[in-house]
Each structure stands twice: as structure tokens, then as C-alpha cells.
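Chain residues, written in single-letter form:
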Amino acid sequence: MGPIYDCSVEAELLTGMRLARVAIGRGDLVVMPTDTVYGLAADAFNPAAVQKLIDAKGRTRQSPPPVLIPGIPTLDALAESVPDEVRRLVQEFWPGALTIILAAQSSLQWDLGETRGTVALRMPSNRIALELLSETGPLAVSSANLTGEPAATTAAGAEAMLGESVSIFLDDGEGGTVSSTIVDATSLSLPDGKLRIVREGAISTERIRAVVGADRCE
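The written sequence of each chain sets the order in which its residues are numbered from 1. Where totals are concerned, whole chains, interfaces and linings use all residues; where local detail is concerned, this predicted model gives features only for residues with pLDDT of at least 70, and gives and counts side-chain atom pairs only at 80 or more. Note that the side-chain values use all heavy atoms of the structure and ignore hydrogens as well as water.

Enquirer: How do you make sense of the sheet that holds strand S2 (residues 30-32) when you look at a structure like this?
Expert: The strands that make up a sheet are held in pairs by hydrogen bonds between backbone atoms, and each pair lies either parallel or antiparallel. Whether two strands pair comes down to DSSP finding at least two bridges between them. Helix and strand definitions follow DSSP, with helices as H or I runs of at least four residues and strands as E runs of at least two, each counted in order from the N terminus. The strand order across the open sheet formed by 10 strands is S1-S8-S2-S3-S7-S4-S6-S5-S9-S10, and the pairing between neighbours is mixed. Two strands in the sheet have a free side with no partner beyond their single neighbour: strand S1 (4-6) and strand S10 (196-199). Looking at chain direction, S2 and strand S3 (residues 39-43) are connected through three bridges and run antiparallel. Paired with Val30 across the strands is Ala41, a residue of S3. Any two residues whose heavy atoms approach within 4.5 Å are treated as being in contact. Each axis is a line fitted through C-alpha atoms, and for a helix only the stretch in contact is used; angles between axes span 0 to 180 degrees, taken between their N-to-C directions. Lying on the sheet, helix H6 (residues 155-162) is in contact with S1, S2, S3 and strand S8 (168-171); it crosses S8 at an angle near 155 degrees.

As C-alpha cells, then:
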């Protein structure tokens, strides 16, 4: 079972971040804070690490993890195309609790599970998460819990569920209790395609429609 590092203590923050980078680099799992619930993170470009994440949660490859990114430029690097509506959404809500499903770049050398050529992307609003992402690159991150259990809102809660599967726990205090809103933007490139709300979370459907237009959202 990996140690918990209290990120409110400067010395523990520095040590925890350094060891988290090392753990990600060698294909291990890390629990990290986000602006929503705590996340279980793995190197998005390491298929074995992503499989560890899926196994640790007790999921199947039919439930691929989202990918957290450090900034909007990474969105263009990972998505095949970015519709104007999506650009307006990220301008309004990133960094923040909005996950956007897009067609993935076909040249990407990764295996997140049965994605059907898509990727779910989010830029979180949390200083520790963003600093780690800026150093590791994109991370496959799913809620830090066992499938079927409530998402962890503390590092200790994540440890109680995931224990031996995780190398490092980064503790940033009490997290959020509401998950991100997930929207599917893969149909926007079609003539009559619309944005679809897959899961309403921290950002309401009304706020999404106010940005993209009600006629562009199911």
C-alpha cells in the first residue's frame, strides 16, 4: 500500500509530487486530487498501466477511462478535430468540470480500452492536478473508487477502497462530491449533428445550451 502525502505541507507536497511522477513513469497508479472527486491516474500512453487502472477499479475494457490534460493545446493534439461549439465550451468551462468526448487522432499510440475511436478529455481546475499533468503529460484518470461504490472525496477514502493497487496518494483535503458533466461532441461534425449530454454533473445542461445554442444540443 502506497503512502499518503499531505499536499498542504510543503515538504510532503514536493516529495509526493516527485514520487508521483516516478510512479507514473514506471507504469504504476497514483491517486490524485481534482476539482471534482479524487482520481485514479495512469500514464495514458502506457497500455499496461491503463489496464492496471481498469483492473484496480474492477471494470471492463468497455468502460475506458477519460484523459485529463494540462491545457487546451493538448486538446488539439489528441482530438481529430475540434468543432467551434467545443471551442466555445472549453473557453467557458476549462479548466473545470466538463468532460468532452471527441474523435481521437488516429495516429495516437495508446490503448484506453474499447473507445470506438473516441477519447473523453478534460482539463481539471486543481493546482496539484495541473502541475502533475504538466510534467507527466496526459493521464488516464477515473474516479478513485471500486466500481459500484461511491467516488472517493478524500485520499483516505480512496486508500480504503484501492489500497494495494496504488503506489502514491496525493492528499489535497476534502474534494468535491459531484462528478464532471460529460458531453458527447462526436456528432457535431455531421450536417445535423448535435451535442449530447451523457451525464449531467457539476455543470448544468442549461449552462451547456447557453454556450452552444439550444438547437445544437439534444
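Enquirer: Looking at this model, I keep getting lost on the environment of Trp110. Mind explaining?
Expert: By the secondary structure assignment, Trp110 is in the loop between strand S5 (98-103) and strand S6 (118-122). Taking the C-alpha atoms as reference, Trp110 lies 28 Å from Arg88; in sequence the two are 22 residues apart. Not counting residues within four places of it along the chain, the set of residues in contact with Trp110 comprises Ala44, Phe45, Val67, Leu78, Ala104 and Val119.

Enquirer: Looking at this structure, how should I read the packing of helix H4 (residues 84-93) against helix H7 (residues 205-212)?
Expert: In a packed pair of helices, the relevant descriptors are the angle between the two axes and the axis-to-axis distance. It is at 9 Å that the axes of H4 and H7 come closest, and there the two elements cross at 125 degrees. Viewed along their axes, H4 and H7 adopt a mutual orientation that is oblique. H4 and H7 meet at a crossing whose hand is right-handed. Contact residues: H4 offers Glu85, Arg88, Leu89, Glu92 and Phe93, while H7 offers Arg207, Ile208, Val211 and Val212. Throughout this entry, Asp, Glu, Lys and Arg are counted as charged residues, while Ala, Val, Leu, Ile, Met, Phe, Trp, Tyr, Cys and Pro are counted as nonpolar. The remaining residues, Gly among them, count as polar. Residues that form the contact of H4 with H7 fall into these classes: five nonpolar, no polar and four charged. Roughly parallel covers angles under 35 degrees, roughly antiparallel covers those over 145, roughly perpendicular covers 65 to 115, and oblique covers all other angles. The crossing is said to be left-handed when, going from far helix to near helix, the turn is anticlockwise and less than a right angle, and right-handed when the turn is clockwise.

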